[in-house]
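# Observations on chain architecture
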Amino acid sequence: MAIILDGKKASKDLKEEVRLSLDQYYKKGAPKCNLAIIMVGDNPASEIYVRNKAKACEAIGIGGQLIKLSEKITQEELEKYIIAVSKDPKVHGVMVQLPLPPHLDADRATELVPPEKDVDGFTTANLGKLIIGNQGFLSCTPGGIIYLLKNHKIVLAGKNVVIVGRSKIVGKPLALALLNENCTVTVCHSKTKNLASITSKADILIVAVGKPNFITSDMVKYCAVVVDVGINRTPEGIVGDVDFANVERQASFITPVPGGVGPMTVAYLMKNTLHAYEISLKGKYN
Ligand code: NDP
């Protein structure tokens, strides 16, 4: 039976690190660290994510400012809000909760966040920095996954990592970040041929597809580490992309859903907000 990669515990550790750092700054009289979350419409899943982010902020001493905008907002109006919020010197981190309603262009919107406040790591500036080696903001889900693996003392250097899914928010930045950790990385997607023959060679298999039970035990190498990013709402509740009950018998480590990657994403947002705050205190974004 696999050891559970416990995202609840690891996210607590990470949030505690952030809380302690903030505490040190506050004791020296530094201003409060603030995160602005811009949300458009009332997507029920986004409401839950935003609530979790706000709760995490409150628990560790970050001021969370939620800006809720109408579902009917135009691209131009949304862009004006993002620019105005980003200009506020009291706001250190800015994020636009995705997905946006279909009439809005998410790439254009997220690109307007200044790189030094881009706590989601979605701007081309921060994605570019990832190519030259992790100096900017790493997106929260990839960052959270790497923290979770290291928190369980899993060695990354030299490992064969297979990532299924190549989205801008998970698969692609995660591939670059793991290359920076000296992994050998293969990225698979919907046009990949013979997927099982590739996944079954992975020392570390990371799945971000969005389909329940997509990865079955015959696709997993004996003793592999399996990270399930998927969040799928089914009549039986929330499940990941991995057939957990069977893959658990095959793997050495596995993330549960819920309680695996999800809490890490929120915790890493706190870490990135601290980073944005430190940039503001030092007046330097490198
Ligand atoms: P996207 O829909 O943007 O990407 C899905 C990826 O899966 C695409 O690259 C797609 O390939 C690939 N794919 C689809 N079908 C197949 C197939 N048959 N074989 C191989 N690859 C396939 O999803 P996201 O990356 O945004 O999210 C993925 C999942 O992770 C979702 O369930 C989402 O809810 C969850 N998620 C969880 C987070 C967390 O914090 N736990 C954070 C973010 C996402 P192609 O590019 O060719 O279309």
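Just above, that's the structure.
A brief report on the enclosed structure follows.

Conventions we followed
Residues numbered from 1 in each chain as written. Predicted model: local features only at pLDDT ≥ 70, side-chain atom pairs only at ≥ 80, totals over all residues. Heavy atoms only, no water. Helix = DSSP H or I, 4+ residues; strand = E, 2+ residues; numbered from the N terminus. Rg over C-alpha atoms; globule rule 2.2 N^0.38 Å. Buried < 20%, exposed > 50% of the residue type's maximum accessible area, 1.4 Å probe, protein only. Contact = heavy atoms within 4.5 Å. Near = heavy atom within 4 Å. Polar contact = N/O pair within 3.5 Å; in protein donor to acceptor, adjacent residues only side chain to side chain. Areas by Shrake-Rupley, 256 points an atom, 1.4 Å probe, with all protein chains shown as cover. Nonpolar A, V, L, I, M, F, W, Y, C, P; charged D, E, K, R; others polar. Pairing = 2+ DSSP bridges. Axes fitted to C-alpha atoms, helices over the stretch in contact; angles between N-to-C directions. Expected span 1.5 Å × (residues − 1). Arc of directions from axis to C-beta. Parallel < 35°, antiparallel > 145°, perpendicular 65-115°, else oblique. Left-handed = near helix turned anticlockwise from the far one by under 90°.

Each helix and strand in the protein was counted, giving 10 helices and 11 strands. Against the globule reference of 19 Å for 286 residues, the protein gives a C-alpha radius of gyration of 19 Å, in line with a compact fold. The principal-axis extents of the C-alpha atoms in the protein amount to approximately 50 × 45 × 35 Å. Burial analysis of the protein (286 residues in total) assigns 48% to the buried set. Looking at the protein alone, contacts between residues at least 24 apart form 72% of all its contacts between residues at least 6 apart.

All right, on to the site of the ligand then. Near the ligand you find 21 residues, and of these Arg166, Ser167, Ser190, Ile231 and Thr265 are the closest. Backbone polar atom of His189 to a nitrogen atom of the ligand: 3.4 Å apart, as the coordinates give it. The contact in question runs from an oxygen atom of the ligand to an N or O atom on the backbone of Ile231, over 3.0 Å. Coverage of the ligand by the protein chains reaches 71% of its 930 Å² of free accessible surface. Per element, the largest residue contribution to the shell around the ligand is three residues, and it comes from helix α10 (residues 261–282). Residue composition of the shell around the ligand, by class: nine nonpolar, 10 polar and two charged.

Our focus in this paragraph is the sheet that holds strand β2 (residues 33–40). Taken in spatial order, the three strands make up an open sheet running β3-β2-β4, and their pairing is parallel. For this open sheet the edge positions go to β3 (62–69) and β4 (93–96), each flanked by a neighbour on one side alone. The average angle at which neighbouring strand axes cross in this sheet is 15 degrees, direction not considered.

Along an α-helix, a turn takes 3.6 residues, which lines up residues three or four apart on a common side. In a regular helix each residue adds 1.5 Å, so 21 residues correspond to 30 Å; helix α1 (residues 7–27) covers 30 Å between its end C-alpha atoms and thus fits that length. Taken as a whole, α1 has its buried residues at Gly7, Ala10, Ser11, Leu14, Val18 and Leu22. Within α1, the buried residues cover an arc of 110 degrees as seen down the axis, which keeps them to one side. Of the exposed residues in α1, the ones pointing more than 90 degrees away from its buried face are Lys8, Lys12 and Lys27. Its buried side turned inward, α1 meets β2, α2 (44–60), β3, α6 (140–151) and α10. A distance of 3.0 Å separates the backbone nitrogen of Lys8 from a side-chain oxygen at the start of α1, and that oxygen is part of Asp6. Directly after α1, the chain includes Gly29, whose backbone phi takes a positive value near 90 degrees.

Their axes nearest at 8 Å, the elements α6 and helix α7 (residues 171–180) cross at an angle of 40 degrees. Between α6 and α7, the interaxial angle falls into the category oblique. The element α6 and its partner α7 pack so that their crossing is right-handed. From α6, Pro142, Ile145 and Ile146 reach across to α7, where they touch Pro173, Leu174, Ala177 and Leu178. Partitioned by chemical class, the residues of the contact of α6 with α7 number seven nonpolar, no polar and no charged.

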